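Structural overview for review
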Amino acid sequence: MKKINIVKEKKDFDRAFKLRKQISSKYAFLYTYDTNSNYRFGICVSKKLGNAVTRNKIKRRVKDIIDKSKLQFMDKDYIIILKKSASSAKYLELQEDIVELLKKIK
């Protein structure tokens, strides 16, 4: 995932939470809102999921899943918040869940 496609600023995360366009699944919540620029992704992993090593591992997995999915994304910001159950999920389970979640939003 390229750096230009990543949401990093708090105001962008807050805008997504305020608009409340949300879909949930077994391992994650997905918030979206329309933008005028390219699509971007933001990934939130709570400290409840584990230490920094565990949280970064989960973020790397989600970024890899997004890159490898052959989905076409619209001009939106996508905020993915991972649930506690995601820390114990295997890669393939997480991949199926995230891809299905992204397909629902279209």
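All of the points below concern the structure found in this document. (Residues numbered from 1 in each chain as written. Predicted model: local features only at pLDDT ≥ 70, side-chain atom pairs only at ≥ 80, totals over all residues. Heavy atoms only, no water.)

With 25 residues, the main nonpolar core has I80, L82, I98 and L102 as its most contacted residues. Of all the elements in the fold, those that place two or more residues in this core are β2 (28-34), β3 (40-44), α2 (52-68), β4 (76-82) and α3 (91-105). Setting aside its immediate chain neighbours within four residues, I98 contacts A28, I65, I80 and L82. Listed in part, the six residues of the second largest apolar core include V7, F13, Y31 and Y33. (Core = buried A, V, L, I, M, F, W, Y, C linked by side-chain atoms within 4.5 Å. Buried < 20%, exposed > 50% of the residue type's maximum accessible area, 1.4 Å probe, protein only. Helix = DSSP H or I, 4+ residues; strand = E, 2+ residues; numbered from the N terminus. Contact = heavy atoms within 4.5 Å.)

On to the pattern of salt bridges, then. When the charged atoms of two side chains lie near each other, side chains of opposite charge can form a pair. Tallied over the entire structure, the rule returns six salt bridges. Its salt-bridge partner being R40, residue D12 comes within 3.1 Å of it at the nearest N-O pair. Placement of D12 in helix α1 (residues 10-19) and of R40 in strand β3 is noted, with a sequence separation of 28 residues between them. Between D77 and R40 there is a salt bridge, with its nearest N and O atoms 2.7 Å apart. Of this pair, D77 sits in strand β4 while R40 sits in strand β3; the two residues are 37 residues apart in sequence, bridging distant segments of the chain. Its relative accessible area of 0% is what places D77 among the buried residues. Put simply, D12, R15, R40 and D77 are held in one network by salt bridges that share partners. (Salt bridge = Lys/Arg side-chain N within 4 Å of Asp/Glu carboxyl O.)

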